[in-house]
Amino acid sequence: QVELIESGGGLVQAGGSLRLSCAHSARTLSTYGMGWFRQAPGKEREFVAAILWSTANTYYSESVKGRFTISRDNDQNTVYLQMNSLKPEDTAVYYCAANLQYTTLLYATSRYDYWGQGTQVTVSS
């Protein structure tokens, strides 16, 4: 059983920053891509960012492009989401996810094989 363990959420004022971390428990996990998604109350889970594990190519939703940065540490089996210039509309539960097979649809929740438990990010105005 693979676990994805998230940390780093919290409460921050608008304009502030947070960094989320996601570590997977498996000693070796053949991961094609890792993604971050978020879900606000009453809304569907939406894509935030993704990174290809081998090449570190990154992808972002339009709503976070230029403010958020996804990165990975191969040695630590960890993916990060640096969030800057946070806005109240960024408030949501943030989930990391692991995709094990090639796909061109890293923005789709259905393409991911494992999910973290979620971490709350609250941005006050």
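Rules behind the numbers
- Residues numbered from 1 in each chain as written.
- Predicted model: local features only at pLDDT ≥ 70, side-chain atom pairs only at ≥ 80, totals over all residues.
- Heavy atoms only, no water.
- Pairing = 2+ DSSP bridges.
- Helix = DSSP H or I, 4+ residues; strand = E, 2+ residues; numbered from the N terminus.
- Axes fitted to C-alpha atoms, helices over the stretch in contact; angles between N-to-C directions.
- Polar contact = N/O pair within 3.5 Å; in protein donor to acceptor, adjacent residues only side chain to side chain.
- Contact = heavy atoms within 4.5 Å.
- Salt bridge = Lys/Arg side-chain N within 4 Å of Asp/Glu carboxyl O.
- Buried < 20%, exposed > 50% of the residue type's maximum accessible area, 1.4 Å probe, protein only.

So, about the sheet that holds strand S1 (residues 4–7). In spatial order, the strands read S1-S3-S8-S7; together these four strands make up an open sheet with antiparallel pairing. Unpaired on one side and paired on the other, S1 and strand S7 (68–73) mark the two borders of the sheet. For this sheet the average axis-to-axis angle between neighbouring strands, irrespective of direction, equals 15°. Note: strand S3 (residues 18–24) against strand S8 (residues 78–83), six bridges, orientation antiparallel. From the neighbouring strand, Leu18 faces S8, where its bridge partner is Met83.

Once that is clear, we can look at the side chain of Thr103. One can find Thr103 in the loop between strand S9 (92–99) and strand S10 (114–115). A polar contact is formed between the side chain of Thr103 and the backbone nitrogen of Leu105, at a distance of 2.9 Å. Contact partners of Thr103, with chain neighbours within four places excluded, come to Tyr32 and Arg111.

For the rest of this paragraph, the subject is the pattern of salt bridges. In this structure the tally under the stated criterion is four salt bridges. We note a salt bridge from Glu62 to Lys65, for which the minimum N-O separation is 2.8 Å. On the basis of relative accessible area, Lys65 is assigned to the partly exposed category, the value being 46%. Its salt-bridge partner being Asp90, residue Arg67 comes within 2.8 Å of it at the nearest N-O pair. Placement of Arg67 in the loop between strand S6 (58–60) and S7 and of Asp90 in the loop between S8 and S9 is noted, with a sequence separation of 23 residues between them. Each member of the pair, Arg67 together with Asp90, is buried. Salt bridges sharing common partners tie together Arg38, Glu46, Arg67 and Asp90.

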